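Spelled out from the first residue to the last, the chains are:
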Amino acid sequence: MIEGLLLLNKPRGLRSAQCVSAFRHKLPQKIKVGHGGTLDSTADGLLVLLAGSATRLSNYVMMLPKEYMVTIQLGTTTDTLDYDGTVTATYPFRHIQDKDIDRILPAFLGMRMQKPPVISAIKLNGKRASDLKRKGIEPQISPRPVTITSILRTSTISEEGQVSFFIKCHKGTYIRSIVRDLGYMLGCGAIVGELTRLKIGLLSLDQAISFEELETAAEQDIDKHIMSIGEFIRHFTVFSGDDQTENDLKNGMFISIRKLHCESRGQVPTEEVVCFTGRDLISLGVFVKKENNIFFKPQTNLFL
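Described in the following lines is the structure provided in the data block. (Residues numbered from 1 in each chain as written. Predicted model: local features only at pLDDT ≥ 70, side-chain atom pairs only at ≥ 80, totals over all residues. Heavy atoms only, no water.)

**A short note on the nonpolar core**
We apply this condition: Among buried residues, the Ala, Val, Leu, Ile, Met, Phe, Trp, Tyr and Cys ones that are joined through side-chain atoms within 4.5 Å form a nonpolar core. Here's how the labels work: a residue is buried when its accessible area is under 20% of the maximum for its type, exposed when over 50%, partly exposed in between, all with a 1.4 Å probe on protein chains only. Secondary structure follows DSSP: runs of H or I at least 4 residues long count as helices, runs of E at least 2 residues long count as strands, and numbering of each begins at the N terminus. Working rule for contacts: check all heavy atoms of both residues, and any pair within 4.5 Å makes them a contact.
With 48 residues, the main nonpolar core has Phe-23 and Phe-165 as its most contacted residues. Sort the elements by how many residues they give to this core and helix α5 (residues 175–186) lands first, with five residues. Sequence-distant contacts of Phe-23, that is, excluding residues within four places in its chain, are made with Leu-6, Val-33, Leu-49, Leu-50, Ala-51, Leu-214, Ile-222 and Ile-226. Within the second largest apolar cluster, 25 residues are counted, among which are Leu-7, Leu-50, Phe-236 and Val-273.

**Considerations on the pattern of salt bridges**
Stated formally: Whenever Lys or Arg places a side-chain nitrogen within 4 Å of a carboxyl oxygen from Asp or Glu, that contact is recorded as a salt bridge.
Evaluation of the coordinates by the stated rule reveals 11 salt bridges. Between Asp-40 and Arg-176 there is a salt bridge whose closest N-O contact spans 3.0 Å. Here the residue Asp-40 occupies a position in the loop between β2 (33–35) and β3 (44–51), and Arg-176 occupies one in helix α5, the gap between them amounting to 136 residues. Linking Asp-98 and Arg-153 is a salt bridge whose minimum nitrogen-to-oxygen distance equals 3.6 Å. Of this pair, Asp-98 sits in helix α3 (residues 98–104) while Arg-153 sits in strand β10 (residues 144–153), and the two are 55 residues apart along the sequence.

**Topic: the environment of Asp-243**
Relative to the elements of secondary structure, Asp-243 occurs in helix α8 (residues 243–250). Asp-243 sits 35 residues away from Gly-278 along the chain, and the two C-alpha atoms are 7.6 Å apart.

**Let's talk about the environment of Asn-247**
Along the polypeptide, Asn-247 turns up in helix α8. The sequence separation of Asn-247 and Leu-205 amounts to 42 residues, and the corresponding C-alpha distance is 37 Å.

**Overview of the sheet that holds strand β17 (residues 255–256)**
Quick reminder of the rule: For two strands to be treated as a pair, DSSP must find no fewer than two bridges joining them. Fitting a line to C-alpha atoms yields each axis, with helices limited to the stretch in contact; the angle taken between N-to-C directions then spans 0 to 180 degrees.
Sheet architecture is open: six strands sit in the order β17-β21-β20-β19-β16-β18, paired in mixed fashion. Taken across any chain shown, the strands that pair with only one partner, and hence form the sheet edges, are β17 and β18 (261–264). Two elements, strand β20 (residues 281–290) and strand β21 (residues 293–303), share 10 bridges in a ladder whose sense is antiparallel. Directly across from Leu-281, in β21, lies its bridge partner Phe-303. Contacts from α8 reach β17, β19 (274–277), β20 and β21, with the element oriented near 70 degrees to β21.

Laid out in structure tokens, this is it:
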């Protein structure tokens with residue numbers, strides 16, 4: 001049975017749903033298919049597709065830090081915050097210098113409140129904000145906390161007002177919103193011109209296959225491109241235990257940390273997620289304090 005993660009280099013102009021559909025057509029009919037977070041159709045780069053029991057890992061993929069390269073266009077605003085939208089205003093930008101950008105970049109670092117784009121997949125009362133906007137209803141989206149760990153200018157401002165950045169951020173961060181806020185702080189407006197997702201956690205774009213490779217791959221060969229669940233869990237601190245511990249976890253029981261042995265350390269803090277591996281079980285969960293002891297609480301069990 002095919003299960004695991006497919007790392008895909010999504011081309012610009014293609015929706016994430018189209019990539020999921022192309023992957024589904026390469027697999028036996030009854031195998032579930034999903035993704036580990038979408039990528040705007042106007043963006044390209046790393047998209048994680050999931051097959052079989054790995055579809056239950058979607059939230060765990062999305063919680064990983066992400067890295068992007070973005071080229072922005074100064075002097076313009078659009079309704080979508082990128083090049084594909086309708087222009088809403090233009091402003092002079094030639095007075096903006098590299099040092100003006102560098103001076104304000106530190107304001108974006110760390111945890112901050114960010115208002116997501118109106119044209120987005122965020123749901124309000126069960127309806128997508130983008131769908132409400134298209135119906136003429138102005139969505140009332142509240143700012144939410146996001147974390148940006150790195151934002152670096154990687155080019156000088158071109159004559160046309162284009163400048164590039166490297167950004168590393170965490171779950172829920174919208175690059176389009178960063179660019180919108182940067183343009184506002186510069187006083188000249190800005191939109192996303194090009195956006196490429198480079199990494200999700202330890203998963204890198206240079207590991208990904210192209211969409212053309214996915215489309216032309218023979219169905220019997222697609223499993224050669226799929227990463228195992230066992231390889232994915234190296235993102236987390238991994239514990240093991242005896243057979244009785246594994247059976248207890250299969251039944252949803254809490255396990256004392258004293259019964260667990262640490263096998264490896266991952267990049268995700270243990271305060272967020274930890275992992276247990278057994279003979280035929282991978283269990284993702286959290287540590288909880290109970291009765292003056294620390295217990296592993298299983299949240300997602302995957303049977304091998």
